[in-house]
Amino acid sequence: MTEGDAAPAAPAEQGSRNLLMRVLAAVVLAPAAIAIAWAGGWLWALLVTLAAIGLYVEWLAIVGLARQMRATVPGVAALAIAGICLVAGRLDAALIVLAVGLVAVALLSPERRNWSATGFLYAAAAETGSVLVRQDTASGFAALFFVLLVVWAADIGGYFAGRGIGGPKLWPKVSPKKTWAGAIGGFFGSLAVGGAFAAAGAGKAAPLLALGAFLSVISQLGDLFESAVKRRFGVKDSSHIIPGHGGLLDRLDGFVAAVVAAAILGFLRGGADGVGRGLMVW
């Protein structure tokens, strides 16, 4: 075999290894996430709070503020205290703490304060939205499980459709690897989730299909948003904490966008105590 023959095999081998790492990580993390989501309560709020803190820290690293304690400490403290408030069922107190945290981050950041404040808002929205969707005792788990499956289906469908079909790029300046085929594959994967929930008797078919489609688009926009931020600062991965996936931001970007959109929609229809019902019952 010549050197020229061997060269093309290297990217393929690396791609196969990366896929294997992604699958192994998913096999471990997905059941754990579902189990904690099922348990709900303080356990889910704790996981969400830790994830929100991780998202904020990774965001600061991306924008070049990882070592700026004046931006890191007040943001992390506010997210942690807000998590405690959410565990206690005090959404009002959590929102006040997060508002104070936002002001502190904006005022104390020595530079790029708009970016640090945006990162804090991103993490705070992820924390609040994730807890609100789950806390509905009647439909919270179903709603959260629906959001998780839609995001995963969009990710998996996009990955395999993009690699298998290829074709025109979706937005090459922001995400060179994403294709229209991948976006469409992810969209239809999310429709399958909506159809499966309807077939299982979880709700009416038309609203669940529409909800799946809506959250799929939002999830993919969230993915593109995170890619745009990383592209702006010349960063490939937010971190390397998850094998094959990069960092928390890389793994949760679509979920953050989807769960925040789901929380807003559910809140508008069901109020603070009925976000899950507002999302799933039509």
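Residues numbered from 1 in each chain as written. Predicted model: local features only at pLDDT ≥ 70, side-chain atom pairs only at ≥ 80, totals over all residues. Heavy atoms only, no water.

(A) View of the pattern of salt bridges. All told, the structure shown has six salt bridges when counted by the stated rule. Ionic pairing is found between D92 and R90, a salt bridge with its closest N-O pair at 3.0 Å. For D155, the salt bridge goes to R251, with nearest N and O atoms at 2.6 Å. Of this pair, D155 sits in helix α7 (residues 140-165) while R251 sits in helix α10 (residues 248-270); the two residues are 96 residues apart in sequence, bridging distant segments of the chain. (Salt bridge = Lys/Arg side-chain N within 4 Å of Asp/Glu carboxyl O. Helix = DSSP H or I, 4+ residues; strand = E, 2+ residues; numbered from the N terminus.)

(B) Local environment of the environment of G266. By the secondary structure assignment, G266 is in helix α10. The sequence separation of G266 and L279 amounts to 13 residues, and the corresponding C-alpha distance is 4.4 Å. If we skip the residues at most four places from it in the chain, G266 touches G271, G274, V275, G278 and L279. (Contact = heavy atoms within 4.5 Å.)

(C) Inspection of α10 at higher detail. A maximum bend of about 35° is found in α10 at G254. Phi turns positive, to about 80°, at G271, one or two residues after α10. (Bend = angle between axes of the 7 residues up to and from the residue.)

(D) Expanded view of a nonpolar patch on the surface. A cluster of nonpolar side chains, contributed by W42, L43, L46, L50 and V87, occupies part of the molecular surface with about 490 Å² of accessible area. The biggest single contributor to the nonpolar patch is helix α3 (residues 41-62), with four residues. (Patch = residues over 30% accessible without salt bridge, like charges linked within 9 Å, V, L, I, M, F, W, Y side chains within 5 Å. Areas by Shrake-Rupley, 256 points an atom, 1.4 Å probe, with all protein chains shown as cover.)

(E) Region of interest: the side chain of E127. You can see E127 is positioned in helix α6 (residues 113-135). Here E127 is buried and forms no salt bridge, its nearest opposite-charge partner R90 lying at an N-O distance of 15 Å. A distance of 3.4 Å separates a polar side-chain atom of E127 from the backbone nitrogen of G83. When sequence neighbours within four positions are dropped, the list of residues in contact with E127 reads V48, T49, A52, L79, A82, G83, L86 and L98. (Buried < 20%, exposed > 50% of the residue type's maximum accessible area, 1.4 Å probe, protein only. Lys, Arg positive; Asp, Glu negative; His and termini not counted. Polar contact = N/O pair within 3.5 Å; in protein donor to acceptor, adjacent residues only side chain to side chain.)

(F) Seen up close, the confidence of the model for the chain. Here the chain shows a mean pLDDT of 88. Residues at 70 or above account for 88%. Below a pLDDT of 50 lies the segment residues 1-9, which in the model reaches one contact outside its immediate sequence neighbourhood of four places, other chains included. (pLDDT = per-residue confidence, 0-100.)

(G) Looking closely at the packing of aromatic side chains. Scanning the model with the defined rule gives 12 aromatic pairs in all. For the ring pair W59 and W115, a centre distance of 6.3 Å and an interplane angle of 40° mean the geometry is tilted. Placement of W59 in helix α3 and of W115 in helix α6 is noted, with a sequence separation of 56 residues between them. Residue classification places W59 among the buried residues on the basis of a relative accessible area of 2%. Ring centres 5.6 Å apart and planes at 35° place the aromatic pair W59 and Y122 in the tilted group. A residue pair is termed long-range when its members are at least 10 positions apart, and W59 in helix α3 and Y122 in helix α6 qualify at 63 residues. Counting every residue linked through ring pairs, the aromatic cluster contains W38, F141, F145, F146 and F197. (Phe/Tyr/Trp six-rings, centres within 6.5 Å; stacked < 30°, edge-to-face > 60°.)

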